[in-house]
Amino acid sequence: MPKQIAIYGKGGIGKSSTASNVAAACADEGYRVTIIGCDPKSDSSITLLSGRRIPTIMDLMREGMDIKEEDIVFNGYKGVKCVEIGGPEPGIGCAGRGIIVAISLLKKISKAIEDTDLVIYDVPGDIVCGGFVAPVKKGLVNEAYVLTSGEYMPLYAANNICKGLSRLEMTLNGVICNSRGAPNEENIVSEFAKEIGSQLLAFIPKDVLVQTCEREGFSVIEKAPASNISGVYRKLARSIMTRNEGKIPVPLDDIRLRELTKI
Amino acid sequence: MPVKKEKEPLIMHPRPSSIVAALYTLRDLDTDVVILHGPPGCSFKHARLLEEDGMRVVTTSLDESGFVFGGHDALVEVLEKVIERFNPKRIGIVGTCASMIIGEELHEAVTEVQPDVPVIEVEVHAGYRDNTKGVIMALESALACGIISEAEFERQKALLKEATMVEKRHGAASKEYLEPSRGDLKYKVAERLLELIKQGKKGLNILNAKKETAFMFADINLAVAEVAEKLGKSSNIINMANLDENVGLPKNRRNAREILDDLQKKDMEIHHIIGGLDEYPVAGNNASQIIGEKYPDFDFAVITGVPHALPMDNIKNMELFSITNGPRQVVPLKEMGHKHVVVEIDLHPKTLGVNHIVESEFGATLREMAKNA
Ligand SMILES: Nc1ncnc2c1ncn2[C@@H]1O[C@H](COP(=O)(O)OP(=O)(O)OP(=O)(O)O)[C@@H](O)[C@H]1O
Ligand code: SF4
Ligand SMILES: [Mg+2]
């Protein structure tokens with residue numbers, strides 16, 4: 001059974017960049033990796049495909065296509081299998097239902113989420129409705145990670161996600177800090193992780209390389225393999241692949257959360 | 001490159017719902033209580049009718065706030081209440097459009113409550129083109145629970161595929177819009193039928209009905225046999241029926257036996273069994289083959305139930321009397337070449353909760369008119 005993970009965190013905090021860099025780093029190590037973009041804006045796999053946009057499951061469904069595996073599963077960097085679910089135009093229809101339908105279709109027509117070593121579900125920042133938790137509810141996710149910086153709002157979002165996870169009785173397998181350059185950031189996130197019953201897995205520095213590579217359509221692993229930040233992603237990837245202890249998180253109350261960001 | 005699916009033609013008239021189809025299938029599987037996870041009015045009429053058949057149907061009554069906040073707690077509560085109040089041996093949970101769109105997981109409630117009887121979960125909504133989808137989904141769950149065998153599942157699936165084709169060819173899915181019709185006047189059709197029998201014409205008397213509807217359709221075939229007997233012409237009539245008691249889900253077998261018993265008591269002999277009560281989509285082919293081999297030169301045929309499932313090849317030169325319960329089936333049957341089409345309005349509700357043949361209007365008309373014949 002493959003490792004099936006989802007990375008949660010506040011909108012815009014860096015989930016998709018982290019997911020694609022971890023995917024690339026695992027592929028470098030020889031693992032078979034599948035990445036499923038569950039965000040209607042379908043930007044999860046673009047840096048694994050040299051900037052190419054692939055048709056999404058929802059695009060094909062809208063056009064009334066008879067969807068087969070080869071129409072939706074694409075090989076990216078070092079054979080990483082990339083799938084984008086996509087969704088309706090913003091403000092129309094029901095994107096959550098789209099995820100439910102796409103996940104069951106994918107299960108039916110493709111082995112990409114079974115015959116592999118790692119599946120990463122890249123979910124949007126705001127879990128707006130039941131549909132976006134479909135991968136978890138359908139038992140397709142067995143490990144969850146939370147990505148946050150040391151600022152108050154991202155931590156607040158991370159804490160809320162922990163509330164959600166404990167409600168779903170889903171374990172948290174680690175906290176990842178994506179730095180935004182806040183003072184004392186590593187300590188704050190590390191303390192947060194400890195207090196919710198988890199641990200800090202990686203401290204990813206803020207590095208403009210992420211953005212320059214992204215602009216050209218690549219992960220830093222592919223475009224700047226020797227960089228310091230690539231080393232950080234590699235280490236994170238290794239610890240995701242080798243550890244598997246998780247615990248149902250215990251969210252903090254708001255007063256404690258505010259105190260934390262001041263240490 | 002992905003290939004475009006052929007666009008299904010538009011059909012505008014409302015058609016049977018997959019949710020309701022799942023409910024009837026659960027009934028056939030001898031489920032004691034079914035919980036509809038959705039709005040209180042969903043499938044109301046059928047839910048009510050099914051209670052006549054001894055299966056309880058309850059609802060989680062999702063309201064506006066349930067749509068917004070989810071209905072998990074409501075489902076858990078109803079499931080617990082159902083177990084406590086009805087002590088069921090087999091439970092069903094059926095989805096609806098509302099609960100499926102918001103991503104409710106029926107299984108979560110089952111995991112939480114841990115009932116010690118089997119629970120058949122059907123994640124169905126009413127948005128499928130063919131209602132047979134609801135049947136297949138219910139059977140898939142029943143298979144997963146070990147309630148039916150793989151062989152029975154495959155058998156049913158093949159039949160349902162055929163049923164869908166029958167509807168596409170000449171049934172409810174055959175046209176963009178089908179005008180409902182009351183069909184021909186019963187006494188006029190009965191008059192003509194009696195005339196043919198009296199003249200000593202040779203006739204086929206075929207029952208090809210869907211499941212419990214046979215309780216009433218069989219009454220028509222019985223009436224035909226009775227009046228032929230009364231007129232001393234019974235040797236001119238050949239009776240066929242899809243009343244094989246050895247195939248299908250338990251309820252279908254039971255019903256076939258009950259109808260056969262009733263017919264036997266009235267001395268009606270069935271010359272050919274053409275299939276079981278769930279085999280109406282294919283039994284017509286069996287009948288057609290028998291007709292081709294043995295009765296190609298018969299003068300008329302009375303076909304009750306699902307007359308449009310009988311291929312026209314071997315009966316096209318006969319004068320056809322068909323009796324259906326679908327007002328939208330009249331136009332397609334006429335177009336196929338059935339000369340007389342009679343509708344038994346509201347037949348289905350009268351065949352729920354019964355275990356004997358139920359009197360039909362056309363049967364009664366025929367018997368009454370034969371008195372003066
Ligand atoms: N460590 C980093 N250093 C510098 N820039 C980063 C870093 N991580 C992410 N970014 C940049 O931040 C932006 C947002 O990242 P990304 O799209 O991965 O966020 P996200 O959490 O997936 O957002 P959403 O919730 O909208 O899906 C991107 O332009 C990305 O390049
Ligand atoms: S729309 Fe769907 S859920 Fe609502 S009443 Fe009709 S069948 Fe039921
Ligand atoms: Mg993203």
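Since the structure is predicted, the reported quantities are computational estimates derived from the model, not experimental observations.

Draft legend 1. Local environment of the overall build of chain B. Counting its regular elements, chain B contains 15 helices and 11 strands. The C-alpha atoms of chain B give 22 Å as radius of gyration, which agrees with the globular expectation for 373 residues (21 Å, within 12%). Dimensions of chain B along its principal axes, counting C-alpha atoms only, are 70 × 55 × 35 Å. Counting across all 373 residues of chain B, residues that qualify as buried make up 53%. Here the analysis covers contacts within chain B between residues at least 6 apart in sequence; of these, 72% occur between residues at least 24 apart. For chain B, the accessible surface area stands at approximately 16900 Å², while carbon and sulfur atoms represent 50% of it.

Draft legend 2. Seen up close, the site of ligand 1. Residue and element names in this part refer to chain A. Neighbouring ligand 1 are 19 residues, the closest being Lys15, Ser16, Ser17, Lys41 and Gln211. Between a nitrogen atom of ligand 1 and a main-chain N or O atom of proline 205, the distance comes to 3.1 Å. The separation between an oxygen atom of ligand 1 and a polar side-chain atom of glutamate 214 is 2.8 Å. Relative to its unbound accessible area of 640 Å², ligand 1 is 83% covered by the protein chains. Residue assignment for the shell around ligand 1 shows that the elements contributing at least two residues are helix H1 (15-28) and helix H8 (208-216). By residue class, the composition of the shell around ligand 1 is four nonpolar, eight polar and seven charged.

Draft legend 3. View of the pattern of salt bridges. Residues and elements named next belong to chain B. If you walk through the whole model with that rule in mind, you get 41 salt bridges over all chains. Residues glutamate 51 and arginine 48 are paired through a salt bridge, measuring 3.3 Å at the closest nitrogen-oxygen approach. One end of the pair is glutamate 51 and the other is arginine 48, both in helix H2 (residues 44-52) and three residues apart, which spans about a single turn. For glutamate 51, a relative accessible area of 36% gives the class partly exposed. Several salt bridges share partner residues, and in doing so they unite Arg27, Asp28, Asp53, Lys211 and Glu212 into one network.

Draft legend 4. Seen up close, the sheet that holds strand S5 (residues 81-84) of chain A. Residue and element names in this part refer to chain A. Taken in spatial order, the eight strands line up as S4-S5-S2-S6-S1-S7-S8-S9 in an open sheet, and their pairing is mixed. Edge strands, defined here as strands with exactly one partner in the open sheet, are strand S4 (74-75) and strand S9 (200-204). Strand direction decides the pairing type here: strand S1 (residues 3-9) and strand S6 (residues 118-122), joined by five bridges, are parallel. Across the sheet, the residue bridging to glutamine 4 is valine 119, located in S6. Against the sheet, helix H7 (residues 185-195) engages strand S7 (143-148), strand S8 (172-178) and S9, with an angle of about 160° to S9.

Draft legend 5. Region of interest: the site of ligand 2. Residues in contact with ligand 2, as listed here, are Ile19, Cys42, Thr96, Cys97, Ala98 and Ala126 of chain B. Here the shell around ligand 2 is built from residues that sort into five nonpolar, one polar and no charged.

Draft legend 6. Seen up close, the interface of chain A and chain B. On the side of chain B, 13 residues touch chain A, which itself brings 14 residues to the contact. Carbon and sulfur atoms make up 50% of the area that chain A and chain B hide from each other, which totals about 1100 Å². Interface area lost by chain A to chain B is led by Met65, Arg97 and Lys137 of chain A, which between them contribute 41%. For the pair chain A and chain B, the interface holds two salt bridges. Between glutamate 105 of chain B and lysine 138 of chain A there is a salt bridge whose closest N-O contact spans 2.9 Å. Between the two partners, chain A and chain B, sit six residue pairs in polar contact (both at pLDDT 80 or more). Every element with two or more residues in the side of chain A that touches chain B is listed here: strand S3 (65-66) and helix H4 (95-109) of chain A. Considering only residue class, the side of chain A that touches chain B consists of four nonpolar, three polar and seven charged.

Draft legend 7. Spatial organisation of the environment of tyrosine 128 of chain B. Residue and element names in this part refer to chain B. Note that tyrosine 128 resides in the loop between strand S5 (119-122) and helix H7 (132-144). Distance in space between the C-alpha atoms of tyrosine 128 and aspartate 184 is 33 Å, their sequence separation being 56 residues. In this view, tyrosine 128 contacts Ser18, Lys133 and Met137; residues no more than four positions away in its chain are not counted. Within the structure, the side chain of tyrosine 128 is placed 3.5 Å from the side chain of histidine 125, a separation counted as a polar contact.

Draft legend 8. A look at the nonpolar core. If you look at the biggest cluster of nonpolar residues, it comprises 47 residues, and the most contacted ones within it are Tyr8, Ile36, Ile57, Ile85, Tyr121 and Phe192 of chain A. Excluding its chain neighbours within four sequence positions, the residues that come into contact with isoleucine 36 of chain A are Val83, Ile85, Leu106, Ile113, Val119, Ile120, Tyr121 and Asp122 of chain A.

Cut-offs used in this document
- Residues numbered from 1 in each chain as written.
- Chains lettered and ligands numbered in written order.
- Predicted model: local features only at pLDDT ≥ 70, side-chain atom pairs only at ≥ 80, totals over all residues.
- Heavy atoms only, no water.
- Helix = DSSP H or I, 4+ residues; strand = E, 2+ residues; numbered from the N terminus.
- Rg over C-alpha atoms; globule rule 2.2 N^0.38 Å.
- Buried < 20%, exposed > 50% of the residue type's maximum accessible area, 1.4 Å probe, protein only.
- Contact = heavy atoms within 4.5 Å.
- Areas by Shrake-Rupley, 256 points an atom, 1.4 Å probe, with all protein chains shown as cover.
- Near = heavy atom within 4 Å.
- Polar contact = N/O pair within 3.5 Å; in protein donor to acceptor, adjacent residues only side chain to side chain.
- Nonpolar A, V, L, I, M, F, W, Y, C, P; charged D, E, K, R; others polar.
- Salt bridge = Lys/Arg side-chain N within 4 Å of Asp/Glu carboxyl O.
- Pairing = 2+ DSSP bridges.
- Axes fitted to C-alpha atoms, helices over the stretch in contact; angles between N-to-C directions.
- Buried area = accessible area lost by both parts, 1.4 Å probe.
- Core = buried A, V, L, I, M, F, W, Y, C linked by side-chain atoms within 4.5 Å.

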